[in-house]
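# Overview (structure and organization)
Now for the letters of each chain:
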Amino acid sequence: MPKKFQRRIENFVCQHCGASVSGDGYTNHCPNCLWSRHVDINPGDRAHACGGLMKPVNVEAESKEYIIVQQCQKCGALKRNKAQKDDDFDKLVALSKESG
Ligand SMILES: [Zn+2]
Ligand SMILES: [Zn+2]
């Protein structure tokens, strides 16, 4: 029986700031600089061929969580990513102020 949900745990080196990130299977963004890569069509599927760097452009507060809005520097696509508990909170706050 194939599993319905495949959790992929990948470690990666952030292409923006060079931090080593331990993946938890749910996020691929860097907790240090909040950048990620455009590799998913749906979260976690790694099905997108773009591979561009996703820059955090906005932060939205949604009830008890933060959503990081990232824009691909290659194709311009916008994606929303839930902030993770390990993310740099000061950067989240700074980003939300920056974007107004
Ligand atoms: Zn980084
Ligand atoms: Zn892209």
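Description of the structure in this document. (Residues numbered from 1 in each chain as written. Chains lettered and ligands numbered in written order. Predicted model: local features only at pLDDT ≥ 70, side-chain atom pairs only at ≥ 80, totals over all residues. Heavy atoms only, no water.)

## Examining the overall build of the protein
A count of helices and strands for the protein gives 1 helix and 6 strands. For the protein, restricting intrachain contacts to residue pairs at least 6 apart in sequence, the fraction spanning at least 24 positions comes to 29%. Surface summary for the protein: the accessible area is close to 6,800 Å², and the carbon and sulfur share equals 49%. (Helix = DSSP H or I, 4+ residues; strand = E, 2+ residues; numbered from the N terminus. Contact = heavy atoms within 4.5 Å. Areas by Shrake-Rupley, 256 points an atom, 1.4 Å probe, with all protein chains shown as cover.)

## Considering the coordination of the zinc ion (ligand 2)
Taken together, His38 (ND1), Cys50 (SG), Cys72 (SG) and Cys75 (SG) make up the full set of protein donors to the zinc ion (ligand 2), lying 2.0 to 2.4 Å away. Exposure remark for histidine 38: the relative accessible area of 4% places this residue in the buried category. (Donors = N, O, S within 2.8 Å, 3.2 Å for Na, K, Ca; no water. Buried < 20%, exposed > 50% of the residue type's maximum accessible area, 1.4 Å probe, protein only.)

## Let's talk about the pairing of strand β6 (residues 78–82)
Pairing between strand β5 (residues 65–72) and β6: 5 bridges, direction antiparallel. Among the inter-strand pairings, isoleucine 67 is bridged to a residue of β6, identified as lysine 82. (Pairing = 2+ DSSP bridges.)

## A closer look at the packing of aromatic side chains
Inspection of the entire model under this criterion finds 1 aromatic pair. With centroids separated by 5.7 Å and ring planes inclined at 75 degrees, the aromatic side chains of tyrosine 66 and phenylalanine 89 adopt a geometry described as edge-to-face. Taken together, the residues tyrosine 66 in strand β5 and phenylalanine 89 in helix α1 (residues 89–98) connect sequence positions 23 residues apart. Relative accessible area serves as the criterion here: at 30%, tyrosine 66 is assigned to the partly exposed category. A relative accessible area of 45% means that phenylalanine 89 is categorised as partly exposed. (Phe/Tyr/Trp six-rings, centres within 6.5 Å; stacked < 30°, edge-to-face > 60°.)

## Regarding the sheet that holds strand β4 (residues 53–62)
Sheet architecture is open: 4 strands sit in the order β3-β4-β5-β6, paired in antiparallel fashion. At either end of the open sheet lies a strand with only one pairing partner, and these are β3 (36–37) and β6. Two elements, β4 and β5, share 8 bridges in a ladder whose sense is antiparallel. Directly across from glutamate 60, in β5, lies its bridge partner isoleucine 67.

## Notes on the coordination of the zinc ion (ligand 1)
Looking at the zinc ion (ligand 1), the protein donor atoms are Cys14 (SG), Cys17 (SG), Cys30 (SG) and Cys33 (SG), and they sit 2.2 to 2.3 Å from it. Bound by 4 donor atoms, the zinc ion (ligand 1) shows angles of 106 to 114 degrees at the metal and therefore tetrahedral coordination geometry. Sequence spacing of the donor residues for the zinc ion (ligand 1), all on one chain, is C-x2-C-x12-C-x2-C. Grouping residues by exposure puts cysteine 30 and cysteine 33 together as buried. (Tetrahedral: all angles 85-135°; square planar, octahedral: opposite > 155°, others 65-115°.)

## Points about unusual backbone geometry
The phi angle of most residues is negative, glycine excepted, and most peptide bonds adopt the trans form. Positive phi, normally seen in glycine, also occurs at leucine 34, with a value near 70 degrees. Note on placement: leucine 34 falls in the loop between β2 (20–21) and β3. Given the relative accessible area of 1%, leucine 34 is considered buried. Of note in the backbone geometry, serine 63 takes a positive phi value of approximately 40 degrees without being a glycine.

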